[in-house]
Amino acid sequence: VRILCPMGRYGDQKSRYYVDPAMTKAEWQNAQRQEADKVAEWLASVAELDAYKPVPPKFIVVGLGANGAMSVLIALNRPELVRQAYGTGGAVPSYWVAGAAKLDGKPSPLIRKLSYGDGVAADDAAQKAAAALGYDFQTMDLPEPPSEATIQKWLLPQIDDQLKLP
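Thresholds applied
- Each chain has its residues counted from 1, running along the sequence as written.
- Confidence filtering applies because this is a predicted model: local features only for residues at pLDDT of at least 70, side-chain atom pairs given and counted only at 80 or more, and all residues used for totals across whole chains, interfaces and linings.
- Hydrogens are left out, water is left out, and the side-chain values use all remaining heavy atoms of the structure.
- A run of H or I in DSSP counts as a helix once it spans at least four residues, and a run of E counts as a strand once it spans at least two, with each numbered from the N terminus.
- For every residue, the accessible area (1.4 Å probe, protein chains only) is compared with the maximum for its type, and the residue is labelled buried under 20%, exposed over 50%, or partly exposed between those bounds.
- Residues are treated as being in contact if the distance between any of their heavy atoms lies within 4.5 Å.
- Using a 1.4 Å probe, the Shrake-Rupley method yields the accessible areas, and only the shown protein chains count as cover for residues.
- Every residue is assigned a pLDDT by the predictor, reflecting its confidence on a scale from 0 to 100.
- Whether two aromatic rings pair depends on their centres lying within 6.5 Å, for rings of Phe, Tyr and Trp, where Trp uses its six-membered ring; planes under 30 degrees apart make the pair stacked, over 60 edge-to-face, and the rest tilted.
- Here, a salt bridge means any Lys or Arg side-chain nitrogen found within 4 Å of an Asp or Glu carboxyl oxygen.
- Two strands qualify as a pair provided DSSP detects at least 2 bridges between them.
- Put simply, buried Ala, Val, Leu, Ile, Met, Phe, Trp, Tyr and Cys residues joined by side-chain atoms within 4.5 Å make one nonpolar core.

Q: So what about the overall build of the protein chain? Which residues, and what values?
A: Helix and strand counts for the protein chain stand at six helices and seven strands. Along the chain direction, N to C, the helices and strands of the protein chain fall in the order β-β-β-α-β-α-β-α-β-α-β-α-α. Here the protein chain holds 166 residues, and 43% of them are scored as buried. Expressed as a percentage of contacts within the protein chain between residues at least 6 apart in sequence, the contacts between residues at least 24 apart total 68%. Surface exposure of the protein chain reaches about 9000 Å², of which carbon and sulfur atoms provide 56%.

Structure, rendered in structure tokens:
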């Protein structure tokens, strides 16, 4: 099993971002996509190491805050490399879904997102758009940041179930 926990370069002990939050919206959108592409390239290079196996392993991508949203973006960009993506917090803008890879009959990665606060509306719109493209994307909307108990109840059983797959 390969698990990736993306963590941005910007921020402090409480918040981490892949791109400088001081950027303009247009700069931020472009930079975020470039960062996701870099992570996906790394995933692809690691996956090549196991290409000889009958069923090369896929990644489980997990993140919190902006890194949770990045986990979803990676799954949407490179579904062939991701088995599951779990995000908690952050917001998944619908323009990420517009640029998602086409599944063309291939299986969707399992995508789960815990949403709260300002991220709920964006995540719900992204989920609907991704589902229309055939992605297995579900959200759970919460009134406040999730507790450890919520994460354990909602996400961990799904991760455990998926770990039993080949």
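Q: Run through the confidence of the model for the protein chain, naming residues and quoting values.
A: Averaged over every residue, the pLDDT of the protein chain is 80; the share at 70 or more is 78%. Per-element confidence in the protein chain ranges from a low mean pLDDT of 61 for strand β3 (residues 16–17) to a high of 94 for helix α4 (residues 119–132).

Q: Quick one: what's the story with the packing of aromatic side chains, residue by residue and with numbers?
A: Per the counting criterion, the structure on display carries one aromatic pair. Residues Tyr95 and Trp96 carry aromatic rings whose centres are separated by 6.4 Å and whose planes lie at 85° to one another, so their mutual orientation is edge-to-face.

Q: Tell me about the pattern of salt bridges, and please be specific about residues and values.
A: Under the definition given, this model contains three salt bridges. Residue Asp123 is joined to Lys113 by a salt bridge in which the shortest nitrogen-to-oxygen separation is 2.7 Å. Linking Asp123 in helix α4 with Lys113 in strand β6 (residues 110–116), this pair joins segments that are 10 residues apart in sequence. Like Asp123, the residue Lys113 is buried in the burial classification.

Q: Before we move on, could you go through the pairing of strand β7 (residues 136–142) and cite the residues and values that matter?
A: Across seven bridges, β6 lies against β7 in parallel orientation. Across the sheet, Arg112 pairs through a bridge with Gln138, a residue of β7.

Q: Explain the nonpolar core to me, using residue names and the numbers behind them.
A: Grouped together as the largest cluster of nonpolar side chains are 28 residues, with contacts concentrated most on Ile74, Leu76, Val82, Ile111 and Tyr135. Counting only elements with at least two residues in this core, the list comes to α1 (25–49), β4 (59–64), α2 (66–77), β5 (82–88), α3 (94–98) and α4. At seven residues, α2 tops the list of elements feeding residues into this core. Tyr86, Leu142, Trp154 and Leu155 belong to the second-largest nonpolar core, a separate cluster that totals seven residues.

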